[in-house]
Each structure stands twice: as C-alpha cells, then as structure tokens.
Amino acid sequence: IVGRRQVRRQGGFLQPLNAGAMASIPAILNTASGYAFGSVIAALPGFFAIKDVLLHLQLGGGPLASAILTTNVMTAVTGSASGGLTIALGMLGQEWLAWGASLGMSPEVLHRIVCLASEGLDTVPHSGALVTLMAVCGLTHRESYYDVFVLTLLKPLVAVLCLLVYLTTGLV
C-alpha cells in the first residue's frame, strides 16, 4: 500500500523481484564456493591427522580450547563463519559435547563459545561475505581490507575472554 505508486512506475512487482534475485547470485556463489572448498579440505586424508590434533588440544581440561581453535581454522579455510561452524561441528561436535558432558559442562556454554569463535577468522581475503561487501561498496581489497581486518581481529578476543572467564570461574 505504501509504495504502490513506485511499484507501478517500475512496471509492477516482477521487475524489482528479478533485480533482487539477480543481485543475490554473486553473494550466494561466493559463500557456497568457500564452503565447498572447506568441505573438500576437511575430506582429505591428511586432514584427519590435523583433526586428531585439534580434538586433543587441551587447555583447562575441557573442550573449549579445541572448539575455539578448530572452529577458527575451519572458518579461515572456508572464508565463511557459517561454513566453518558447520564443518567444525559436523566434524567434532559430538566429541566436544560428550567431553563437555563428562565434565558437567552445559551444552549451552559450548554452543555460545563455538558461535563466538566462528566469527574469528571469517574475514580472510577469500571470504564470500567480504568479497560481496567490497563489490557492493565498489571497493577493492587494497582500499578496504586493512580496516576490515583490524576491526574483525577484535572479534576472536571475545571468545578467548569467555574461555578465560569460564576457566577461572566456571561461569559464562
């Protein structure tokens, strides 16, 4: 009702819907290619040795250090927070959950920490979201990457701070 005149001037609903669908294709492809790349890396035989090291990483006797590091590694490989989170949880989620349960750790604590950790290294230069953001803004990596990198470098500190609070107090 509010924008009916504008919609009529643009030729109805079909033209803006088509334009929106076409504009979403690069973002979808950028994100999907990063996730696919990470999935291929996680399926390689050599990655199982890395997986074993990441699973047995211990700091404070719980799964949180392993979860933070693994999630950040997978996020960096895929260039996607959601892709890294999905691969890390699919790869080691059940082990972390069982490990945490054996220590009396709430699954919610593990979930919060892993979600925070997924935002750590998601702004690698090949990140689908970053490539899309720069394309929409009309910027190049040379013009904007330093600023984005510095700002997003602060995000992993939140997960590490939560880990330290949990290790010292048992509360998050």
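Quick note: structure is the one above.
As the structure is a prediction and not an experimental result, all values here were calculated from the model.

Draft legend 1. Main features of the overall build of the protein. The helix and strand tally for the protein stands at 9 helices and 0 strands. From first element to last, N terminus to C terminus, the protein shows the α and β order α-α-α-α-α-α-α-α-α. Rg of the C-alpha trace for the protein: 20 Å, well past the compact-globule value of 16 Å for 172 residues, more than 25% over. Across the protein, contacts joining residues at least 24 apart in sequence account for 69% of those joining residues at least 6 apart. Accessible area of the protein: about 10200 Å², with a carbon and sulfur share of 72%. Of the charged side chains in the protein, 8 are positive and 7 negative; the average position of the first set lies 23 Å away from that of the second.

Draft legend 2. Geometry of the nonpolar core. Counting 24 residues, the largest nonpolar core has L64, M74, W96 and L110 as its most contacted members. At 7 residues, the largest contribution of residues to this core is made by helix α5 (residues 81-102). If near-sequence neighbours (up to four positions away) are discounted, L110 is found in contact with P63, L64, A67, W96, L97 and M105.

Draft legend 3. Up close: the side chain of S118. With respect to the element layout, S118 can be found in the loop between α6 (107-117) and α7 (128-137). Look past the residues within four positions of S118 in its chain and what remains in contact with it is T71, T75, A81 and L85.

Draft legend 4. Quick peek at a nonpolar patch on the surface. On the surface, Y146, F149, V150 and L153 cluster together into a nonpolar patch covering about 400 Å² of accessible area. Within the secondary structure, Y146 is located in helix α8 (residues 141-153).

What counts and what doesn't
- Residues numbered from 1 in each chain as written.
- Predicted model: local features only at pLDDT ≥ 70, side-chain atom pairs only at ≥ 80, totals over all residues.
- Heavy atoms only, no water.
- Helix = DSSP H or I, 4+ residues; strand = E, 2+ residues; numbered from the N terminus.
- Rg over C-alpha atoms; globule rule 2.2 N^0.38 Å.
- Contact = heavy atoms within 4.5 Å.
- Areas by Shrake-Rupley, 256 points an atom, 1.4 Å probe, with all protein chains shown as cover.
- Lys, Arg positive; Asp, Glu negative; His and termini not counted.
- Charge placed at Lys NZ, Arg CZ, Asp CG, Glu CD.
- Core = buried A, V, L, I, M, F, W, Y, C linked by side-chain atoms within 4.5 Å.
- Buried < 20%, exposed > 50% of the residue type's maximum accessible area, 1.4 Å probe, protein only.
- Patch = residues over 30% accessible without salt bridge, like charges linked within 9 Å, V, L, I, M, F, W, Y side chains within 5 Å.
- Salt bridge = Lys/Arg side-chain N within 4 Å of Asp/Glu carboxyl O.

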